[in-house]
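Each chain is listed here by its residues.
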Amino acid sequence: MPPFFRTYFTPNATAVKFAIKTTLAMMLALYVALAFDVERPYWALISAAFLQIRPMSGMVVEKGLCQLGGTALGALVGIFIMALFAQARIPALITLTCWIMLCTYVGSLWRNNYTYGCLMAAVTAMLIVVISSGSPPAAMFDIAVARMTELGLGALCAMLVSALLWPTHVGTHLATQADTVINEAFIHAALRLEASDDTTAMQHALRGSLTPLTVLETDSQAARFEGPVGPGRVRATHVLTRRTLRFFATLQALHQLMHDHTDRLTPHSIELARRIAQGFREAEHVKGVTDARAALQALRTHVHTCDEPTSEAPLDRRVRLGLREALGHAMVMLDAREAIAHPRRHRLRSAPLAWHRDHLSAGINALRSGLLFAILATFWIVTAWQSAMIAMMLGTLFSAFFASRDNPIAITMMFYKGMLAAIPSAFLFGHVLLSQVNGFPLLALIFGTPLFLGLLGATQPATMGYCLAFTIFNILLTMPGNGMDFSFDAFANRAVAVVIGLTSVVMAFRLLPGPGAKLRKRRLISAITRDINDLRKRSTHQAETRFSGHMADRLLHLAQHDDLLPEEQRHLFVLGLTGLDLGTAMLRLRDHFDTVLHPSIRDAHAHLLYTLADGFDASANGRPPQGILEAGQQLNDAIARDGDVPADRRVLLKGLVERLDLALERLARLMAERTTPSLRAPTKIDTGVKAE
């Protein structure tokens, strides 16, 4: 059944509750705004609608605070600009353009609802400067107070309805997402350890885990606003993110060895991996984290008892160690899930993630927003058309709002189609029928009908863009208030302004898109290589915190980006997981050898770290790595000659170096196939390598 038919003919309870809650919040905001005769009541409606998009209590509070904070900052900046250029419109607009670019730039670097706060700072300053242009100086203060009042009213109504009617909490939402992450990860683990050839099933399970993991990490910050247990949930989410990504990398390394190098492993190792695969399948179906953890612990103990330190080849030893590490990661993931669901009973410690900042993308977003506003402002000045302010507001709002999305052109087109559908709806409900209304109850019934219908589809990802745009543009095209103008000329002016504003946003994203896959790949290689080289220069703890945070953030975004590419072009996520694997292995090596005093061992260790970093750079550019096995042998010889390390530890070191060399060789082949059209052939697409 098509998404729209499923949404409106068989709606689920969640969608109906969301539509009722948001419609009531907007109608309450409208009623209070009309009662107090505020200048633009529709801003209160839009404020309530945006805050209810994610109706969890912590989300509403966080977004409301960011909205009010951004509005207050934008009001101050708007007043400051007009104080400097009250009689000089052109310099005022130039300064405003710079402020909009700054807000877009900072918002593109931040996460969560802080981006929304930057957006409100840009829009509020724009409204104050544009509306107060040509007005008495005192008007700017009235406009600033009015904007704060309207947006604050919408925020308060949204928070009130969210708390009283079918309240939901971020903590419950995070626990549900964590369950999905772990269940899909265990399915993926079973397929990997069985050395499966079903690439489609492995990719499906991987995406099924990474998608909620991205949502989990993004939404977790709002848990801070749900009482003293909130920070504990945030820390547990960081632990789950890091461990899940390392879990996937470990599984890929094991899959590569068992699938591509079966002849170099003993049958006992392969059989042991398959037994653990079955254990993951059983753990995915176990009801209760305690029982699942106990089952995994039993498997881990079994792997440890099967280990034979001296009689196996290095790669077999690495497989056994990798199996223990995979089980260990899975057990920590279960602990993190319990800490998310029950933060009072389970507490985990974790440093915050060090976010990766893409300054180039942020700069492009800022340039796009600034150029778009400048063009629309020029159009406003040349035509002296009052409704052009609507086009300016929409251009500023949506060019910044969509800039941080993974596929802004597709989302903008969805909004464009929703806007076109809203034009006849707003004319019918907001003008023809509303002009006959006398009294608020009938107004709410008529005007609330298209809003409710739009919100009913706003919870489904396939219809969200269309339905949310339908709701917002019904409000903007109607502009309800105490002194409404029901003339056709007023409606036509607003409709034309809306079309111009959103058309300019579509054209801006098409003419000035963000970095493409090739540029993104080059920047990714450069950033990961730089971080890997920095691992040799910082303290171990500082290097681990910074590197893990950067890589976790990159991998989550690369997973989303790869989903937008054709199957044969997905390689950026592989690249990121390989960097995570290599960096974590280098940190392990530093843990073992940083405190060694003998100069020959220190020199050989430093040479191996340098060779591994150089090998990643070469492999990421499609060139085979050079000298890794030789550097590993030099370190092994130095340890045997001048160190006091047991023979089984040297075997593990040899296996580690051999495995990393195989992983980098495979990455080099994959990158060469993806970047050289003549070499492209049907190949299985893996998703990374082991995190040591």
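Residues numbered from 1 in each chain as written. Predicted model: local features only at pLDDT ≥ 70, side-chain atom pairs only at ≥ 80, totals over all residues. Heavy atoms only, no water.

1. Some remarks on the overall build of the chain
Line of reasoning, step 1. Helix and strand counts for the chain come out as 25 helices and 0 strands.
Line of reasoning, step 2. For 692 residues, the compact-globule estimate of 2.2 N^0.38 gives 26 Å, and the C-alpha radius of gyration of the chain, at 29 Å, lies within 12% of that figure.
Line of reasoning, step 3. Expressed as a percentage of its 692 residues, the buried residues of the chain come to 57%.
Line of reasoning, step 4. When contacts within the chain are restricted to residue pairs at least 6 apart in sequence, those whose partners lie at least 24 apart make up 81%.
Line of reasoning, step 5. Carbon and sulfur atoms form 61% of the exposed surface of the chain, whose accessible area is close to 28000 Å². (Helix = DSSP H or I, 4+ residues; strand = E, 2+ residues; numbered from the N terminus. Rg over C-alpha atoms; globule rule 2.2 N^0.38 Å. Buried < 20%, exposed > 50% of the residue type's maximum accessible area, 1.4 Å probe, protein only. Contact = heavy atoms within 4.5 Å. Areas by Shrake-Rupley, 256 points an atom, 1.4 Å probe, with all protein chains shown as cover.)

2. Let's talk about the confidence of the model for the chain
Reading predicted coordinates in detail is not appropriate for stretches of low pLDDT.
Line of reasoning, step 1. Taken as a whole, the chain shows an average pLDDT of 83; of its residues, 91% reach a score of 70 or greater.
Line of reasoning, step 2. Below pLDDT 50 for its whole length, residues 677–692 participates in 66 contacts with residues either more than four positions away or in separate chains. (pLDDT = per-residue confidence, 0-100.)

3. Notes on a nonpolar patch on the surface
Line of reasoning, step 1. A cluster of nonpolar side chains, contributed by F4, F5, Y8, F9 and L453, occupies part of the molecular surface with about 510 Å² of accessible area.
Line of reasoning, step 2. A total of 4 residues in the nonpolar patch trace back to one element, the largest contributor, which is helix 1 (residues 3–9).
Line of reasoning, step 3. Mapped onto the fold, Y8 is located in helix 1. (Patch = residues over 30% accessible without salt bridge, like charges linked within 9 Å, V, L, I, M, F, W, Y side chains within 5 Å. Salt bridge = Lys/Arg side-chain N within 4 Å of Asp/Glu carboxyl O.)

4. Side note on the packing of aromatic side chains
Line of reasoning, step 1. Following the criterion strictly, the structure yields 18 aromatic pairs and no others.
Line of reasoning, step 2. With centroids separated by 5.6 Å and ring planes inclined at 15 degrees, the aromatic side chains of F5 and F9 adopt a geometry described as stacked. Note that F5 and F9 are positioned in helix 1 at a spacing of 4 residues, about one turn of the helix.
Line of reasoning, step 3. We classify F5 as partly exposed; its relative accessible area is 46%.
Line of reasoning, step 4. Aromatic side chains F186 and F247 sit 6.2 Å apart centroid to centroid with 65 degrees between the ring planes, which places their arrangement in the edge-to-face category. (Phe/Tyr/Trp six-rings, centres within 6.5 Å; stacked < 30°, edge-to-face > 60°.)

5. Remarks on the environment of L216
Line of reasoning, step 1. With respect to the secondary-structure elements, L216 resides in helix 9 (residues 199–219).
Line of reasoning, step 2. Of the residues examined, L216 reaches a relative accessible area of 0% and is grouped as buried.
Line of reasoning, step 3. With 288 residues separating them in the primary sequence, L216 and S504 have C-alpha atoms 34 Å apart.
Line of reasoning, step 4. If we skip the residues at most four places from it in the chain, L216 touches L174, Q177, A178, T237, L240 and I340.

6. Focus on helix 23 (residues 599–620)
Line of reasoning, step 1. Taking 1.5 Å of rise per residue, 22 residues should cover 32 Å, and helix 23 covers 32 Å from first to last C-alpha, within 8% of that figure.
Line of reasoning, step 2. Positive phi appears at G622, one or two residues downstream of helix 23, with a value of about 85 degrees. (Expected span 1.5 Å × (residues − 1).)

7. As for the nonpolar core
Line of reasoning, step 1. The biggest cluster of nonpolar side chains holds 101 residues, and the ones touching the most others in it are M26, L96, M126, M393, F398, F415 and F473.
Line of reasoning, step 2. Looking at this core, the element that brings in the most residues is helix 6 (residues 114–131), giving 13 residues.
Line of reasoning, step 3. Once residues within four sequence positions are removed from consideration, M26 is found in contact with L45, A48, A49, L451, L455, T471 and I475.
Line of reasoning, step 4. In this structure, L299, A330, L572 and L612 belong to the second largest nonpolar core, which totals 100 residues. (Core = buried A, V, L, I, M, F, W, Y, C linked by side-chain atoms within 4.5 Å.)

8. What to know about a positive patch on the surface
Line of reasoning, step 1. Judged by side-chain charge, R224, R235, R344 and R347 come together as a positively charged surface patch.
Line of reasoning, step 2. With respect to the secondary-structure elements, R224 resides in the loop between helix 9 and helix 10 (230–260).
Line of reasoning, step 3. Judged by its relative accessible area of 45%, R224 falls in the partly exposed class. (Lys, Arg positive; Asp, Glu negative; His and termini not counted. Charge placed at Lys NZ, Arg CZ, Asp CG, Glu CD.)

9. Observations regarding the pattern of salt bridges
Line of reasoning, step 1. Scanning the entire structure with this criterion turns up 8 salt bridges.
Line of reasoning, step 2. Among the salt bridges present, the one from R281 reaches E194, with a minimum N-O distance of 3.1 Å. Taken together, the positions of R281 in helix 11 (residues 267–285) and E194 in the loop between helix 8 (170–193) and helix 9 put the pair 87 residues apart, joining distant regions of the chain.
Line of reasoning, step 3. According to the relative accessible area criterion, R281 is partly exposed, its value standing at 30%.
Line of reasoning, step 4. Judged by its relative accessible area of 27%, E194 is partly exposed.
Line of reasoning, step 5. D642 is the partner of R641 in a salt bridge, and the nearest nitrogen-oxygen pair spans 3.3 Å.
Line of reasoning, step 6. Of the residues examined, D642 reaches a relative accessible area of 27% and is grouped as partly exposed.

10. What about the environment of T168?
Line of reasoning, step 1. If you trace the backbone, T168 turns up in the loop between helix 7 (138–164) and helix 8.
Line of reasoning, step 2. Residue T168 is classed as partly exposed on the basis of its relative accessible area of 34%.
Line of reasoning, step 3. Dropping the residues within four chain positions of it, T168 is found in contact with P55, M56 and S57.

11. Quick notes on helix 2 (residues 13–35)
Line of reasoning, step 1. Compared with an ideal rise of 1.5 Å per residue, which puts 23 residues at 33 Å, helix 2 spans 33 Å between its outermost C-alpha atoms and is within 8% of the ideal.
Line of reasoning, step 2. Of the residues that open helix 2, the one with a side-chain oxygen 3.3 Å from the backbone nitrogen of T14 is N12. (Polar contact = N/O pair within 3.5 Å; in protein donor to acceptor, adjacent residues only side chain to side chain.)

12. Quick notes on the side chain of H173
Line of reasoning, step 1. Positionally, H173 belongs in helix 8.
Line of reasoning, step 2. Setting aside its immediate chain neighbours within four residues, H173 contacts R54, M56, V215 and D219.

13. Remarks on the side chain of Q221
Line of reasoning, step 1. On the secondary structure map, Q221 appears in the loop between helix 9 and helix 10.
Line of reasoning, step 2. Overall, Q221 belongs to the buried group, its relative accessible area being 13%.
Line of reasoning, step 3. Excluding its chain neighbours within four sequence positions, the residues that come into contact with Q221 are E62, N112, V234 and H238.

14. Here we look at the state of the cysteines
Line of reasoning, step 1. All told, the structure shown has 0 disulfides when counted by the stated rule.
Line of reasoning, step 2. C103 takes part in no disulfide bond, and the closest cysteine sulfur, belonging to C118, lies 6.1 Å away.
Line of reasoning, step 3. Note on C103: relative accessible area 8%, which makes it buried.
Line of reasoning, step 4. Unpaired in this structure, C157 has its nearest cysteine sulfur neighbour in C66, at a distance of 19 Å.
Line of reasoning, step 5. The exposure class of C157 is buried, given its relative accessible area of 5%. (Disulfide = S-S within 2.5 Å.)

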